[in-house]
Structures are given as structure tokens and as C-alpha cells.
Amino acid sequence: MEDLKKSLQYVSHKVYNRRLTQATGGNISVRIPERDAVLIKRSGISLGEVAQEDALVLSMEGEVLEGEGFPSKEFRFHLGIYLERPDVQAIVHCHPNYAIGYACLGMELPLPTVTAQKILSHVPVAKSALSGSLELAEYVTGTFRQYPGIKACLMENHGICAVGRNLEEAYNIATLVEDTAKQAYIMSQILANRPLEKANS
């Protein structure tokens, strides 16, 4: 358990320092081996300031079993994804700027590079709803149900949700989503601004 708490703290700081989220936004969770429970960041604290004591043990029914405070208000879609996808062991939800740009437009993430195409394959968009709501949890969980092999989804008007076999993998997927969004944006700007005669050549 201590190793999981250390990993959650470490990855939380990496997400914040990589500028994948702002203020107290975003949340991270991981399954606890051999227990029907997960470890999740408590509500109201920045990912950049997460300490080991900020990791709560949460049952799959949403009950706090260990720790003080309230779990992240987005705990419902974390639990929903775990119930829907037994292969998922960790989840990183964050608010990276370029990916949010596509999410706010309701656009699936373009995949311009062979790396994104191979690893991400498809990054759909979950519909928008109020943060922390049952409706949002249903939309995000439903997206992972509709596309059973995905490693991430965009969340309309909100952020992204990345999953993995461990916290490091989920973090790496989150960074790949954001870097891919940035690359796609750069490509769109090059195409939009290149001289007409070159575009037609």
C-alpha cells in the first residue's frame, strides 16, 4: 500500500509539473491489488501538492474505507471505468490545453503520427455534463464501454481521461494525448498558412 501511495504522489506531481492540469483540477486513481478497492486522490488539493496521506482507499461502491477527507468529485467515472474494463489498473484525468481545444469543439483527437496511430489508435469524445455529476460519469463510462479497446478519451468542454496497466502507463498515455493534440494543431496551422501556390503544387 505504501508503494502505491508513493506512486500516486509521484505521478500526481509529474502531471502537474508537466502542466497537464491547473489549480486543483484533475485526479488520479489506481486499483489496489487483491482488494475490491482503489486508491484515489482526495478532493480539494492540487496535484502538485499531493502527499501520501492525500490518497484515500475507496470501495467500488464509493465508500471511503481509509483516509480522511472526501474523494475527488469525479470518483464515479473512475469506478465506472474500473468496473467496465478489468484490464485497466490506473486512471489519470487531467486538463491539458491543446487536448481541451479539440474536446471543446467536440472533435475526436487527430492522430497525425505513426506513434499516436499505433499506441492510441482512437481517441473519441465523451459528451459534456456538470463536473462530478452522475450524468458525466455515465458519459465517460459509456465511452469506454462503446469503444472497449481505447486508452483515452477526450471529455467535451472539460479535459481527458487516460488509462493504463499502472500509473506510469496512464501518465504516459495522458502525455501522448496532449503532445498529439499539439502536433495536430501545429500541422493545421502550417496547412492553413502555407502559400496558395505551394498548396496547389
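Residues numbered from 1 in each chain as written. Predicted model: local features only at pLDDT ≥ 70, side-chain atom pairs only at ≥ 80, totals over all residues. Heavy atoms only, no water.

Q: Please provide a residue-by-residue account of the environment of Ala174, values included.
A: With respect to the helices and strands, Ala174 occurs in helix 6 (residues 167-193). On a C-alpha basis, the gap between Ala174 and Ile28 in space is 11 Å, while along the polypeptide they are 146 residues apart. In contact with Ala174, not counting residues within four places along its chain, are Leu20, Val92, Cys94, Ile160 and Ala162. (Helix = DSSP H or I, 4+ residues; strand = E, 2+ residues; numbered from the N terminus. Contact = heavy atoms within 4.5 Å.)

Q: Please provide a residue-by-residue account of the packing of helix 1 (residues 2-17) against helix 6, values included.
A: Packing of helix 1 against helix 6 brings their axes to within 10 Å, and their N-to-C directions diverge by 15 degrees. The pairing of helix 1 with helix 6 is recorded here as roughly parallel in orientation. Handedness of the helix 1/helix 6 crossing: right-handed. Packed against helix 1, whose contacting residues are Leu4, Ser7, Leu8, Tyr10, Val11, Lys14 and Val15, the element helix 6 presents Leu167, Glu168 and Tyr171 at the interface. The class makeup of the residues in the contact of helix 1 with helix 6 is seven nonpolar, one polar and two charged. (Axes fitted to C-alpha atoms, helices over the stretch in contact; angles between N-to-C directions. Parallel < 35°, antiparallel > 145°, perpendicular 65-115°, else oblique. Left-handed = near helix turned anticlockwise from the far one by under 90°. Nonpolar A, V, L, I, M, F, W, Y, C, P; charged D, E, K, R; others polar.)

Q: An account of the layout of surface pockets is needed here, citing residue identities and associated values.
A: Vacant regions in the atomic arrangement are exposed by a probe of water-molecule size rolled over the atoms. Here the largest pocket defines a volume of roughly 180 Å³. Taken together, the residues of the lining of the largest pocket break down into no nonpolar, eleven polar and four charged. (1 Å grid on protein atoms, 1.4 Å probe; cavity = no way out; pocket = protein on both sides within 12 Å on 5 of 7 lines; lining within 4 Å. Points joined across faces, edges and corners; volume = space filled by probe spheres on them.)

Q: Provide a residue-level description of the nonpolar core, including the pertinent values.
A: Val15, Leu109, Leu120, Leu154 and Val177 are the most contacted members of the largest nonpolar core, which totals 39 residues. No other element matches the nine residues that helix 6 contributes to this core. Those residues in contact with Val177, other than ones at most four positions away along the chain, are Ala99, Leu109, Leu120, Ala152, Leu154 and Ile160. The next biggest cluster of nonpolar side chains, apart from the first, holds 22 residues, and it includes Met60, Ala126, Cys153 and Met155. (Core = buried A, V, L, I, M, F, W, Y, C linked by side-chain atoms within 4.5 Å. Buried < 20%, exposed > 50% of the residue type's maximum accessible area, 1.4 Å probe, protein only.)

Q: Outline the packing of aromatic side chains, listing residues and values.
A: Per the counting criterion, the structure on display carries one aromatic pair. With 5.7 Å between their ring centres and 55 degrees between their planes, Tyr98 and Tyr185 make a pair best called tilted. Residue Tyr98 is located in helix 3 (residues 97-104), and its partner Tyr185 is located in helix 6; the two are separated by 87 residues in the primary sequence. Residue Tyr185 is classed as partly exposed on the basis of its relative accessible area of 37%. (Phe/Tyr/Trp six-rings, centres within 6.5 Å; stacked < 30°, edge-to-face > 60°.)

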